[in-house]
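The residues making up each chain are set out below.
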Amino acid sequence: MHALAIFGITGRMGQSLLHALHDTPAFRLSGAIASAASGRLGRDAAGEGPPTGVLITADSGLGLQGASVAVDFSLGTCVTAHARVCAAAGVPILIGATGFDAASRDVLQQVARDIPVLIAPNTSVGVSAVAKLVSLAAAGLGPSYDVEISEAHHRMKRDAPSGTALALGEAVAQARGVALQEVAIYDRTGLSGPRKPGSIGFSVLRAGDIVGEHTVTFAAAGERVEITHRATDRITFARGALRAAEWLVGRPAGLYGMQNVLGL
Ligand SMILES: NC(=O)c1ccc[n+]([C@@H]2O[C@H](COP(=O)([O-])OP(=O)(O)OC[C@H]3O[C@@H](n4cnc5c(N)ncnc54)[C@H](OP(=O)(O)O)[C@@H]3O)[C@@H](O)[C@H]2O)c1
């Protein structure tokens with residue numbers, strides 16, 4: 001049985017992972033980490049239901065003790081610090097948190113020289129399949145099709161567009177042989193004028209308790225192709241994260257994505 005440490009244990013995803021652990025015999029919880037400002041430090045990792053026997057700590061080194069693998073569902077601003085502690089402890093890490101910048105990604109790439117690092121802005125198996133479909137559609141339809149990516153999430157989500165929307169944009173850009181940052185349009189406020197050919201537009205909706213929805217639209221004169229994924233329960237991200245974490249145990253150091261886990 002593998003020992004699992006969770007960064008971001010008190011959050012929506014942290015608690016969802018605990019639920020998913022109930023029917024995942026491959027894992028037991030070994031560490032539960034929250035911020036130094038958390039109101040739940042020293043309490044049991046389970047916010048409700050049967051206790052886990054693991055107490056919440058803000059000390060990452062302590063939380064990683066005995067862990068075979070760590071998953072990080074905290075904040076994008078914390079992922080590099082967490083990855084460095086994992087490297088020092090020799091523990092592989094799955095980065096599920098989103099909203100980190102390019103400089104943080106560079107740090108993760110460096111850390112991946114020492115330990116396995118899996119960056120997974122969306123751990124649902126369905127979204128990974130959708131990313132593959134988007135890539136195929138982008139390559140097959142060609143650059144004359146306008147591409148727009150829309151996403152919807154709950155009112156508490158911090159980053160926009162979502163990490164998944166950006167990853168889907170990357171999939172289109174890669175298939176077209178262009179850099180996403182050169183073609184992405186995030187704002188059309190005001191007199192934005194006609195659509196720039198080759199651009200990839202993003203739009204964002206934040207409302208209620210929406211778990212996560214993404215649509216990639218390919219449109220040309222006379223037709224429109226839409227590829228949509230709708231997550232209806234966070235448990236899908238949690239189950240996918242545990243599947244990926246299990247895959248990560250024992251891998252050589254390196255940078256991985258969900259496509260490696262699923263063989264896509
Ligand atoms: N990969 C995926 O499939 C997927 C799916 C859903 C969400 N996400 C991403 O996962 C992240 C978490 O989402 P969520 O909805 O669970 O957010 P959330 O409910 O706000 O939870 C965030 C958690 O991070 C903890 N935290 C904050 N600072 C920390 C630090 N310095 N060290 C350790 N823990 C810290 C918070 O703990 P305290 O406040 O108690 O300190 C809380 O437990 C977001 O980036 C989100 O975009 C990814």
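Everything quoted here is computed from the prediction, not taken from an experiment. (Residues numbered from 1 in each chain as written. Predicted model: local features only at pLDDT ≥ 70, side-chain atom pairs only at ≥ 80, totals over all residues.)

1. Remarks on the sheet that holds strand β7 (residues 146-153)
Either a parallel or an antiparallel arrangement is found when strands of a sheet pair, and the pairing is made through backbone hydrogen bonds. Put simply, the rule reads: Strand pairing requires that DSSP identify at least two bridges connecting the strands. Each helix is a run of H or I in the DSSP string that is no shorter than four residues. Each strand is a run of E no shorter than two, and both are numbered from the N terminus.
Spatially, the five strands line up as an open sheet ordered β8-β9-β7-β10-β11, and their pairing is mixed. At either margin of the open sheet sits one strand with a lone partner, and together these are β8 (184-185) and β11 (223-231). When β7 meets strand β9 (residues 200-206), the two strands line up parallel, connected through seven bridges. Looking at the pairing, Val147 lines up with Ile200 of β9.

2. A few points about the domain arrangement of the protein
This is how the line gets drawn: As used throughout, domain bounds are those supplied by an automatic or database domain assignment. Throughout, a residue-residue contact means that the two C-beta atoms, derived from backbone geometry, are no farther apart than 7 Å. Each residue gets one of three labels, nonpolar for Ala, Val, Leu, Ile, Met, Phe, Trp, Tyr, Cys and Pro, charged for Asp, Glu, Lys and Arg, and polar for the others, Gly among them.
As assigned here, the protein comprises domain 1 (2-119 + 234-262) and domain 2 (125-231). Between the C-alpha centres of domain 1 and domain 2 the distance comes to 28 Å. Listed by partner, the interface residues are ten residues for domain 1 and nine residues for domain 2. Secondary-structure elements contributing two or more residues to the side of domain 1 that touches domain 2 are α8 (235-248) and α9 (258-262). Its residues placed into classes, the side of domain 1 that touches domain 2 shows three nonpolar, six polar and one charged.

3. Comments concerning the nonpolar core
Rule in force here: Joined through C-beta atoms within 7 Å, a set of buried Ala, Val, Leu, Ile, Met, Phe, Trp, Tyr and Cys residues constitutes a nonpolar core. Exposed residues have 12 or fewer other C-beta atoms within 10 Å of their own C-beta, buried residues have 20 or more, and residues in between are partly exposed; the C-beta atoms are placed from the backbone.
By size, the foremost hydrophobic cluster in this structure holds 51 residues, and its most contacted members are Leu17, Ala70, Leu94, Ile95, Val117 and Ala244. With eight residues, the top contributor of residues to this core is α8. Among the nonpolar cores identified, the runner-up in size contains 18 residues, and Ala131, Ala138, Ala171 and Phe218 belong to it.

4. Quick look at the pairing of strand β2 (residues 27-33)
The line we're drawing: Seen with its strands pointing away from the viewer, a crossover is right-handed when the path leading from the first strand over the helix to the second is clockwise.
In terms of burial, β2 is a largely internal element, five of the seven residues being buried. Of the pairings in the sheet, the one linking strand β1 (residues 2-7) to β2 comprises six bridges and is parallel in character. By the bridge assignment for β2, Phe7 is matched with Ile33. Crossover β1 to β2 through helix α1 (residues 12-22) is right-handed. The pairing of β2 with strand β3 (residues 56-57) spans two bridges and is parallel. Paired with Ile33 across the bridge in β3 is Thr57.

5. Examining the environment of Ala58
Its location among the elements puts Ala58 in the loop between β3 and α2 (60-63). Spatially, the C-alpha atoms of Ala58 and Gly254 are 27 Å apart, while their sequence positions differ by 196 residues. Not counting chain neighbours up to four residues away, the residues in contact with Ala58 comprise Ile33, Ala34, Ser35, Ala36, Ser38 and Leu41.

6. Structural notes on the site of the ligand
Note the cut-off: Each residue gets a C-beta atom placed from its backbone. If that atom is within 6 Å of a molecule or strand, the residue is near it.
The environment of the ligand is formed by 28 residues, the closest being Gly8, Gly11, Met13, Ser35 and Ser38. The element that contributes the greatest number of residues to the shell around the ligand is α1, accounting for three residues. Residues of the shell around the ligand, tallied by class, amount to 13 nonpolar, 13 polar and two charged.

7. Quick word on helix α3 (residues 79-89)
Within α3, burial applies to Val79, Thr80, His82, Ala83, Val85 and Cys86. Contacts from the buried residues of α3 go to β1, α2, β4 (69-72), β5 (93-95), α4 (102-111) and β6 (116-119). One or two positions beyond α3, positive phi appears at Gly90, with a value near 70°.

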